[in-house]
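# Per-entry structural report
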Amino acid sequence: MREYFSGAGWETDRVLRGMAEAEDFYSDALVQIKMDSWSTGRVVLVGDAGYCASPMSGMGTTLALTGACSLAGALLRHEGSTAEDGFAAYEAEMRPVVTKAQKLAPGMPRIMHPQALWELVLLHGLLFILEKSGVMAIVSMVFGPPADKISLEER
C-alpha cells in the first residue's frame with residue numbers, strides 16, 4: 001500500500017504512517033469464495049466462509065441467513081443419520097442459489113471501482129439515471145440474485 005499510495009497527497013502520508021504503526025491493521029483483496037465442497041468430515045461452512053458472493057452482489061447477509069436455515073433444516077431432516085448426510089442435503093439445496101448469486105453483472109467489479117475522477121462522475125451519473133428512470137428495477141430482476149429461492153420451513 002505504501003508503494004501504491006505514497007505521494008498521493010492530502011492525508012495519505014499520515015494514514016500510511018498510522019497503518020505501519022498500528023498493531024492490528026489488516027487489509028485484504030475484494031474476492032469471491034468458490035469452493036468445490038462446503039464440508040469435510042463433521043465441519044461445515046456457512047455464509048462468507050464458504051461462499052462469499054462479493055460485496056457488490058448485495059447477497060452476503062441473505063446467503064448467510066438462508067444458508068444457516070437451510071443447514072439447520074437439512075440436519076433436522078437427516079436426524080438419526082450422519083452429519084455428512086445433512087451437509088450434503090444442505091449443499092444440494094444451497095449450491096444453485098449460491099452459484100447464481102456469485103454471478104456478477106457484466107463489467108463487475110471494474111465498473112463499481114472507478115480509478116479516475118471522470119469514471120466516478122460517470123458512474124454516479126449513470127446510477128442516478130438508471131434509478132430515476134426505473135431501469136434499475138428491471139436490471140435487478142434480470143441480474144439480481146435469487147434471494148427468494150430458498151424455502152424456509154417452520155419448525
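### Describing the packing of aromatic side chains
A complete count under the given rule lists three aromatic pairs for this structure. Here the aromatic rings of Trp38 and Tyr51 are separated by 4.5 Å at their centres, their planes lie at 50°, and the arrangement is tilted. With Trp38 in the loop between α2 (12-21) and β1 (39-40) and Tyr51 in helix α3 (residues 48-51), this pair connects stretches of sequence that are 13 residues apart. Here the two residues Trp38 and Tyr51 agree in accessibility, since each one is buried. Pairing Trp38 with Tyr90 gives two aromatic rings, centres 5.7 Å apart and planes at 55°, and the pair type is tilted. Of this pair, Trp38 sits in the loop between α2 and β1 while Tyr90 sits in helix α5 (residues 83-102); the two residues are 52 residues apart in sequence, bridging distant segments of the chain. On the basis of relative accessible area, Trp38 is assigned to the buried category, the value being 2%. Each member of the aromatic cluster is reached from another via a ring pair, and the members are Trp38, Tyr51 and Tyr90.

Cut-off values and rules
- Residues numbered from 1 in each chain as written.
- Predicted model: local features only at pLDDT ≥ 70, side-chain atom pairs only at ≥ 80, totals over all residues.
- Heavy atoms only, no water.
- Phe/Tyr/Trp six-rings, centres within 6.5 Å; stacked < 30°, edge-to-face > 60°.
- Helix = DSSP H or I, 4+ residues; strand = E, 2+ residues; numbered from the N terminus.
- Buried < 20%, exposed > 50% of the residue type's maximum accessible area, 1.4 Å probe, protein only.

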